[in-house]
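# A closer look at the structure
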Amino acid sequence: DYEECNTSAASCTAGTGVTAASGDVVVVLMSNRDSTDVTSISDGVNGAYTCPDGLDFTQAASIRAMACYFIGSGAGTVTPAITWAANSRAHINFQVWRPTGTATADATAEGGNASGTAHVTPTLSTGASAALVLCGYGLTAAQTDTAGTGYTALTAVDPSRFMGQYDITSVGSGSFTCDMSIGVAAQSAGVALSFADSGGGGGGSTCGRGMTLL
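Now for a description of the structure that goes with this document. (Residues numbered from 1 in each chain as written. Predicted model: local features only at pLDDT ≥ 70, side-chain atom pairs only at ≥ 80, totals over all residues. Heavy atoms only, no water.)

## Examining the overall build of the protein chain
Note the threshold: Only runs of H or I of at least four residues qualify as helices and only runs of E of at least two qualify as strands under DSSP, and these elements are numbered from the N terminus. Only C-alpha atoms enter the radius of gyration, while the globule expectation follows 2.2 Å times N to the 0.38, with N the number of residues. Per-residue accessibility, obtained with a 1.4 Å probe over protein chains only, is compared with the maximum for each type, and a residue is labelled buried under 20%, exposed over 50%, and partly exposed between these values. In this analysis, two residues are considered to be in contact whenever any of their non-hydrogen atoms come within 4.5 Å of each other. Working definition of accessibility: Shrake-Rupley area with a 1.4 Å probe, residue cover restricted to the visible protein chains. Here the positive residues are Lys and Arg and the negative ones are Asp and Glu; neither His nor the chain ends is included. Just so you know, the charge point we use is NZ for Lys, CZ for Arg, CG for Asp and CD for Glu.
Scanning the protein chain from terminus to terminus reveals 0 helices and 17 strands. The C-alpha radius of gyration of the protein chain comes to 16 Å, within 12% of the 17 Å expected for a compact globule of 214 residues. A buried classification covers 48% of the 214 residues belonging to the protein chain. Contacts in the protein chain between residues far apart in sequence, at least 24 positions, make up 80% of those at least 6 positions apart. By element, 48% of the accessible surface of the protein chain is carried by carbon and sulfur atoms, the whole surface being about 8,000 Å². Here the protein chain holds 6 positive side-chain charges and 16 negative ones, and the gap between their average locations is 5 Å.

Written out as structure tokens, the structure is:
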């Protein structure tokens, strides 16, 4: 689901909700136009989300990209609510993923891009059982965007100040830079993260994939 919180406010509820089953992984990708930190994310099914320092990057002192997640969701309709440290305008994409076994956090990367149309993150070095790679960008201006080769674009308004994508078909152990392109030159802040799956990532499971997007 995707939500634009364009009115400056101290909180934002991310969409209408997605039904999760017990053990699912919920991931929230955010771009923030006011360089404001997240103080908390939670939903009515789960407790507080994990928001690592390695998934929080500000570019040009204005655009900020962040990611938070909850591993091992309870069953129910998940609707993440984000609270900011101060009033903010943000763009939020969240997903619910279903592992074939037990999911764990794998790797993270963050970084910025100076003005241009081609955007990448620093290298994300994934583990052998990595089943999912996710990338999110915040842009200094609203843009149309194109997902990189081998990636699928995440839901967003186009054009907007957020772009994101995922890969579940060719991960496992490898190096990823989450390449995406935009229509007109702008700066970006980017984050990338991956999750491992004990059921077998990168085509290692009997199902052939490690996670499914609900």
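## As for the state of the cysteines
For clarity, the cut-off: Any two cysteine sulfur atoms lying within 2.5 Å of each other are counted as a disulfide.
This model, assessed by the stated rule, comprises 3 disulfides. Covalent S-S linkage joins Cys5 and Cys12, the inter-sulfur distance amounting to 1.6 Å. Across this residue pair, the class does not change: Cys5 and Cys12 are buried. Through a disulfide, Cys135 is tied to Cys178; the S-S separation comes to 2.0 Å. What sets the handedness of the Cys135 and Cys178 disulfide is the S-S torsion sign, and at about -60° it is left-handed. One end of the pair, Cys135, is in strand β11 (residues 130-143); the other, Cys178, is in the loop between β15 (174-176) and β16 (180-197), with 43 residues separating them in the sequence. Comparing Cys135 with Cys178 shows no difference in burial state: the two are buried.

## Considering the environment of Gln95
Our working definition: In protein, a polar contact means a hydrogen-donor-capable atom and an acceptor-capable atom, both N or O and within 3.5 Å, with residues adjacent in sequence counting only if both atoms are side-chain atoms; elsewhere, any N or O pair within 3.5 Å suffices.
With respect to the helices, strands and loops of the structure, Gln95 is situated in strand β8 (residues 81-99). By relative accessible area, which is 3% here, Gln95 ends up buried. Beyond its immediate chain neighbours, meaning those up to four positions away, Gln95 contacts Val25, Val26, Val27, Leu29, Leu134, Leu154 and Leu213. A polar contact is formed between the side chain of Gln95 and the side chain of Asn93, at a distance of 2.6 Å.

## Some points on unusual backbone geometry
The omega torsion across Asp158 and Pro159 is 10°, close enough to zero to call that bond cis. Within the secondary structure layout, Pro159 lies in the loop between β13 (152-153) and β14 (160-167). The phi dihedral of Ala60 falls on the positive side, at around 60°, and the residue is not glycine. Of note, Ala60 is situated in the loop between β5 (56-59) and β6 (63-71).

## Observations concerning the environment of Leu213
Mapped onto the fold, Leu213 is located in strand β17 (residues 211-213). Beyond its immediate chain neighbours, meaning those up to four positions away, Leu213 contacts Gln95, Val96, Trp97 and Tyr166.

All we've got here are geometric facts, nothing functional implied.
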